[in-house]
Amino acid sequence: MTELSPTSPLDLPAEARHALAGLLRGTLRSAPLLSGTGWVTAEGALDPRACCLFGADVGGTKVQSVLTDLDGQVLAETRDATPEAGGDAVLDVIHGHLQGLSAGRGVGAAGIGLPGALDPVSGVLDRAPNLRGLDGQPMPALFSARLGLPVAVENDVNLAALGESWLGHGAGSSRARDAGLAFIALGTGIGMGLAFGDRLLRGASGAAGEIACLPIGGDPFSAEARRLGTLESVVAGQVLVEDYKARGGARDGSLRELSRAGVADPVLDETLGVLAERLALAVLSVGAVLDPALVVFGGGIGSRPEILARVGAALERLGAPAPELRISLLGNRAGAIGAVRAARLALADALERA
């Protein structure tokens, strides 16, 4: 890996900057005019070694960060617990990850995934109870000032959808690019992102895909449903463990641990059956409104093969057309890889604005 480039991208002539932006977006396959700048191969294609990209996926319990080349190949990776203090403490962790992973290597841009809704125009963060102190602030400007780089900031599940679209099940799929790839993350809570290639569906306020609020499985007028969202109030990880216990389940552990134990457990089967029915109704609702080509499941619970099989069986019983269902190819890196893709696009934006 070289330094940022023998020629800093912002120092390139305007025509060369726009050509490099096209290579980064994938709208150009080659740019011979960049020959000798360190950004392209002898054939004029983008050289993935020209600089690094940084991606961070901030969840309710952990911050996972990666350093990659321009093609998304992971060069270094780290994770830490999400600081309970929120605010500046989260910025400190991400800044520390950037410094530790880059270790003197040039980084062109960063992407950050946050659990909450970001206004598509202002970048202000909302609905992020785990990140107190950051609500109400414009995230791209805040992170760019702290990291000293062009920065893209998006909802974390949106970035998982973007990552899966780039290097997962959506890679090379014109059908997924045109009709959309929905990523449903199920673990501590539930969320969804929808990607059409590099284009994300954000909605007017950045809350598109908040399927936690679907009125499925519970009382939408209850205090718990108003706090978490009706669907999340009945499918979140801890809620499912409580359901298991209430049905007479005798084992201890998280739902992920219980389902991975390989122990015959009829009570757990009942809990998983109810979960699958609720998820099937959610998929059916998403399909009725958005009709995506693919629905990809991820997260600590959603990535379990037995969950996907049960959801598929429930959809068959419903007898309605359903999209193709898959488990994420990128696993727990989906959000961080999506953040890297957003960083690459942010670098292209910076070149076009310069």
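Just so you know, these numbers come straight off a predicted model, no measurement behind them.

S.K.: Would you mind showing me how to read the overall build of the protein chain here?
M.R.: Within the protein chain, the regular secondary structure consists of twelve helices and twelve strands. Dimensions of the protein chain, computed from C-alpha atoms along their principal axes, come out at roughly 70 × 45 × 40 Å. Counting across all 354 residues of the protein chain, residues that qualify as buried make up 51%. For the protein chain, the proportion of contacts with a sequence separation of at least 24, taken over those separated by at least 6, is 60%. A gap of 2 Å separates the mean positions of the 30 positive and 39 negative side-chain charges of the protein chain.

S.K.: Before we go on, may I ask you to explain the sheet that holds strand β11 (residues 294-298) in this structure?
M.R.: The pairing of strands in a sheet comes from backbone hydrogen bonds and takes either a parallel or an antiparallel form. Here we have five strands laid out as an open sheet, ordered β10-β9-β8-β11-β12, and mixed in their pairing. Of all strands in the sheet, those with a lone pairing partner are β10 (199-200) and β12 (324-327), marking the two edges. As judged from the four bridges shared by β11 and β12, these two strands associate in the parallel manner. When the sheet's bridge partners are listed, Val295 is paired in β12 with Leu325.

S.K.: Before we go on, may I ask you to explain the packing of helix α4 (residues 156-167) against helix α12 (residues 334-353) in this structure?
M.R.: Relative orientation and spacing of two packed helices are given, respectively, by the angle between their axes and the distance between those axes. Contact geometry for α4 and α12: axes closest at 6 Å, N-to-C directions at 80°. Overall, the two elements α4 and α12 adopt an arrangement that is roughly perpendicular. Residues Asp156, Leu159, Ala160, Leu162, Gly163, Glu164, Trp166 and Leu167 of α4 touch α12, and the partners they reach there are Ala334, Gly335, Ile337, Gly338, Ala339, Val340, Arg341, Ala342 and Arg344. Residues belonging to the contact of α4 with α12 are distributed by class as follows: ten nonpolar, three polar and four charged.

S.K.: Teacher, can you tell me more about the pairing of β11 here?
M.R.: Regular strands have side chains that alternate between both faces of the sheet. Counting buried residues in β11 gives five out of five residues, a clear majority hidden from the surface. Every second residue of β11 is oriented toward a common face, with Leu294, Val296 and Gly298 on one face and Val295 and Phe297 on the other, all of them buried. Judged from the five bridges that link them, strand β8 (residues 181-186) and β11 form a sheet pairing that is parallel. Paired with Ile184 across the bridge in β11 is Phe297. In this region the chain leaves β11, passes through helix α11 (residues 305-318) and returns to the parallel neighbour β12; the handedness of that crossover is right-handed.

S.K.: Any chance you could explain the sheet that holds strand β4 (residues 107-114) here in plain terms?
M.R.: Ordered by their spatial adjacency, five strands build an open sheet running β3-β2-β1-β4-β7, and the pairing between neighbours is mixed. Both outer strands of the open sheet, β3 (74-81) and β7 (151-155), are each paired with one neighbouring strand and no more. Strand-to-strand twist in this sheet, taken as the mean axis angle between neighbours without regard to direction, amounts to 15°. As defined by bridge partners, β4 adjoins β7 across five bridges and the pair is classed as parallel. From the neighbouring strand, Leu114 faces β7, where its bridge partner is Asn155. Lying on the sheet, helix α2 (residues 88-102) is in contact with β1 (52-58), β2 (62-68), β3 and β4; it crosses β2 at an angle near 30°. Most of the contacts of α4 go to β7, to which it runs at about 105°, and overall it touches β1, β4 and β7.

S.K.: What is the right way to look at the packing of helix α8 (residues 237-246) against helix α10 (residues 266-289) in this model?
M.R.: As a packed pair, α8 and α10 sit with axes 9 Å apart at the nearest point and diverge in direction by 135°. Put simply, α8 runs oblique to α10. In this structure, α8 meets α10 at a crossing whose hand is right-handed. Mapping the contact onto sequence places Leu240, Asp243 and Tyr244 in α8 and Val267, Leu268, Thr271 and Leu275 in α10. Residue classes in the contact of α8 with α10 are distributed as five nonpolar, one polar and one charged.

S.K.: Would you mind showing me how to read the side chain of Asn158 here?
M.R.: Within the element layout of this structure, Asn158 appears in helix α4. Beyond its immediate stretch of four places on either side in the chain, Asn158 contacts Met192, Gly193, Leu194, Leu200, Leu201, Arg202 and Ala208.

S.K.: So what exactly am I meant to see when it comes to the pattern of salt bridges here?
M.R.: Per the stated rule, a full pass over the model turns up 18 salt bridges. One salt bridge in this structure joins Asp349 and Arg25, with 2.2 Å as the shortest N-O distance. Taken together, the residues Asp349 in helix α12 and Arg25 in helix α1 (residues 14-25) connect sequence positions 324 residues apart. Residue Asp349 is classed as partly exposed on the basis of its relative accessible area, which comes to 31%.

S.K.: Looking at this model, I keep getting lost on the layout of surface pockets. Mind explaining?
M.R.: Gaps left between atoms show up when a probe the size of a water molecule is rolled over them. The space that makes up the second largest pocket amounts to roughly 540 Å³. No other element matches the five residues that α12 contributes to the lining of the second largest pocket. Along the lines of polarity and charge, the residues of the lining of the second largest pocket split into 14 nonpolar, four polar and seven charged.

The rules behind these values
Residue numbers restart at each chain and count upward from 1, following the sequence in its written direction. Given that this is a predicted model, residues contribute local features only at a pLDDT of at least 70 and side-chain atom pairs are listed and counted only at 80 or more, while totals for whole chains, interfaces and linings are drawn from all residues. The side-chain figures draw on all heavy atoms in the structure; neither hydrogens nor water molecules are used. Think of it this way: any DSSP run of H or I at least four residues long counts as a helix, any run of E at least two long counts as a strand, and we number them from the N terminus. For every residue, the accessible area obtained with a 1.4 Å probe (protein chains only) is divided by the maximum for its type, and the residue is called buried under 20%, exposed over 50%, and partly exposed between those limits. It only takes one pair of heavy atoms within 4.5 Å for two residues to be counted as in contact. Here Asp and Glu are counted as negative and Lys and Arg as positive; His is not counted, and neither are the chain ends. Lysine's charge is taken at NZ, arginine's at CZ, aspartate's at CG and glutamate's at CD. Note on pairing: DSSP must find at least two bridges between two strands before they are called paired. Axes, fitted as lines to C-alpha atoms, cover a helix only where it is in contact. Angles between the N-to-C directions of the axes lie from 0 to 180 degrees. An angle counts as roughly parallel when it lies under 35 degrees, as roughly antiparallel when it exceeds 145, as roughly perpendicular when it falls between 65 and 115, and as oblique in every other case. Three classes are used: nonpolar for Ala, Val, Leu, Ile, Met, Phe, Trp, Tyr, Cys and Pro, charged for Asp, Glu, Lys and Arg, and polar for all others, with Gly counted as polar. Crossover handedness is defined here as right-handed if the route from the first strand over the helix to the second strand goes clockwise, with the strands pointing away from the viewer. Take the far helix as the reference: if the near one is turned anticlockwise from it by less than a right angle, the crossing is left-handed, and if turned clockwise, right-handed. Between Lys or Arg on one side and Asp or Glu on the other, a salt bridge is scored when a side-chain nitrogen of the former is within 4 Å of a carboxyl oxygen of the latter. Note on definitions: the grid is 1 Å and covers protein atoms alone; a cavity is a set of points where a 1.4 Å probe fits but cannot get out; a pocket is an open set with protein on both sides within 12 Å along at least five of seven lines; lining residues have an atom within 4 Å of a point. Grid points are joined across faces, edges and corners, and a volume is the space filled by probe spheres set on the points.

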